[in-house]
Amino acid sequence: MSLGRTCRSVHHLQIALFALSTSLWVCGCSLTPLAKHTAAFSNATTAVVNGSEDAYRAANRLYFEEQMSAAVLNYDSQPTWDPHSVKPLLSKRQLDVRYALLDGLKAYAQHLSDIENSPKAQPDLDTAAKGVGNNLVQLTANLDQILGGSKGITVSQANANGLSTATKALGQFLIAGTVRHGLATNIRDMDPHIQTICKVLELDIATLQSQADADYSNLLTQQDLFIRKAGDKLSPAERRTEIRRLPMIVEKSEASKELLSDLQKAIVRLALAHQALATAATDKNPDTLRQRIADLQDSGQALASFYQSLPSR
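All of these numbers come straight from a predicted model, not from anything done at the bench. (Residues numbered from 1 in each chain as written. Predicted model: local features only at pLDDT ≥ 70, side-chain atom pairs only at ≥ 80, totals over all residues. Heavy atoms only, no water.)

### Overview of the packing of helix α2 (residues 33-74) against helix α8 (residues 286-309)
- Relative to each other, α2 and α8 sit at 30 degrees, their axes nearing to 8 Å. Considered as vectors, α2 and α8 are oriented roughly parallel to each other. Handedness of the crossing formed by α2 with α8: left-handed. On α8, the residues that touch His37, Ala40, Phe41, Ala44, Thr45, Ala47, Val48, Gly51, Ser52, Asp54, Ala55 and Ala58 of α2 are Pro286, Leu289, Ile293, Leu296, Gln297, Ser299, Gly300, Leu303 and Tyr307.
- Across the contact of α2 with α8, the residue classes tally to 13 nonpolar, seven polar and one charged. (Axes fitted to C-alpha atoms, helices over the stretch in contact; angles between N-to-C directions. Helix = DSSP H or I, 4+ residues; strand = E, 2+ residues; numbered from the N terminus. Parallel < 35°, antiparallel > 145°, perpendicular 65-115°, else oblique. Left-handed = near helix turned anticlockwise from the far one by under 90°. Contact = heavy atoms within 4.5 Å. Nonpolar A, V, L, I, M, F, W, Y, C, P; charged D, E, K, R; others polar.)

### Remarks on the side chain of histidine 37
- You can see histidine 37 is positioned in helix α2.
- In this view, histidine 37 contacts Leu277, Ala280, Pro286, Leu289 and Ile293; residues no more than four positions away in its chain are not counted.

### Some remarks on helix α5 (residues 157-176)
- When the terminal C-alpha atoms of α5 are compared, their 28 Å separation across 20 residues agrees well with the 28 Å that a helix rising 1.5 Å per residue should span.
- At the C-terminal side of α5, glycine 177 shows a positive phi close to 70 degrees. (Expected span 1.5 Å × (residues − 1).)

### Some points on the nonpolar core
- Within the largest apolar cluster, 69 residues are counted, with the highest numbers of intra-cluster contacts made by Phe41, Tyr56, Leu105, Tyr108, Leu170, Ile187 and Leu201.
- Looking at this core, the elements with two or more residues in it are α2, α3 (92-117), α4 (123-148), α5, α6 (183-230), α7 (236-283) and α8.
- Not counting residues up to four positions away in its chain, the partners in contact with tyrosine 56 are Leu90, Leu95, Arg98, Tyr99, Leu102, Leu201, Asp204, Ile205, Leu208 and Leu263. (Core = buried A, V, L, I, M, F, W, Y, C linked by side-chain atoms within 4.5 Å. Buried < 20%, exposed > 50% of the residue type's maximum accessible area, 1.4 Å probe, protein only.)

### Observations regarding the environment of leucine 163
- Locating leucine 163 in the fold gives a position in helix α5.
- On the basis of relative accessibility, which here comes to 0%, the residue leucine 163 falls in the buried class.
- The spatial distance from the C-alpha of leucine 163 to the C-alpha of cysteine 198 is 9.2 Å, given a sequence separation of 35 residues.

### Focus: the layout of surface pockets
- What the largest pocket holds in volume is close to 780 Å³.
- Around the largest pocket sit 24 residues that line it, and Ser69, Val72, Leu73, Gln223 and Phe226 are the ones nearest its centre.
- Of the residues forming the lining of the largest pocket, the biggest block, eight residues, is contributed by α6.
- For the lining of the largest pocket, a count of residues per class yields eleven nonpolar, five polar and eight charged. (1 Å grid on protein atoms, 1.4 Å probe; cavity = no way out; pocket = protein on both sides within 12 Å on 5 of 7 lines; lining within 4 Å. Points joined across faces, edges and corners; volume = space filled by probe spheres on them.)

### Notes on the confidence of the model for the protein chain
- Predicted confidence across the protein chain gives a mean pLDDT of 79, with 80% of residues reaching 70 or more.
- Confidence drops under pLDDT 50 across residues 1-30; counting only partners more than four residues distant or on other chains, this segment forms 42 contacts. (pLDDT = per-residue confidence, 0-100.)

Here is the structure:
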């Protein structure tokens, strides 16, 4: 069983309690089907976004450890080696772009729930949504530049352009606010933009996964060559230690792959849940929505479980 999956069963009860608490809160405080739907969608989205941000951090840490191991193996062959050459999977700027998009999705989901479930207009809620919206609009001013090279989201320029448009639309929606009687239509109109943002994040994660897989494979090869080349220069104890590193590299590679795979699945489920929300808001199909939200909740808990299962160092 790979690293991370061993802790999943421990959290099954947490998943059930999360779903139960969501159900009880919705049933107790909401009056309309749309209010129930938006509250459940918001709770599930919050769990997924929080777990996704943790997943990016964990993937970055695993990758940095891989780069450090590679630097140790290559040190003697690179007399001019610069410690600054060790790079994370994602720079702070790259992480900030992803966090901004994820926080925008979380704020959007919360905004929908606030509109439908708040008994009256609450200026502080509108202010919070507008703050996130302004950040997203400002992000789009430089998004093409960020996405055009090695920084930001690793997708084609066409997808980058689509992301810029969708992000601006999401920001403007949060800034403008909306009224309860028009919420169903607004959710339907926003769905293409939510789908675009999620699709770009999904493609980006796939690219990051390919990069991490290639680097871990290279590290495994380097470690094997180091052991064989060293030969008798290593004592039996040293040789045993170095050989033990081989399965440890494989384990970390699998952990990175699993983490990014779970992250990608969570983003896909977020897109599907919003699509079902848009359908339920206008065509009244709550059964599909309930299943999509349950899937989304499961992904949020899975990401949290995986993150907690990783060693602190």
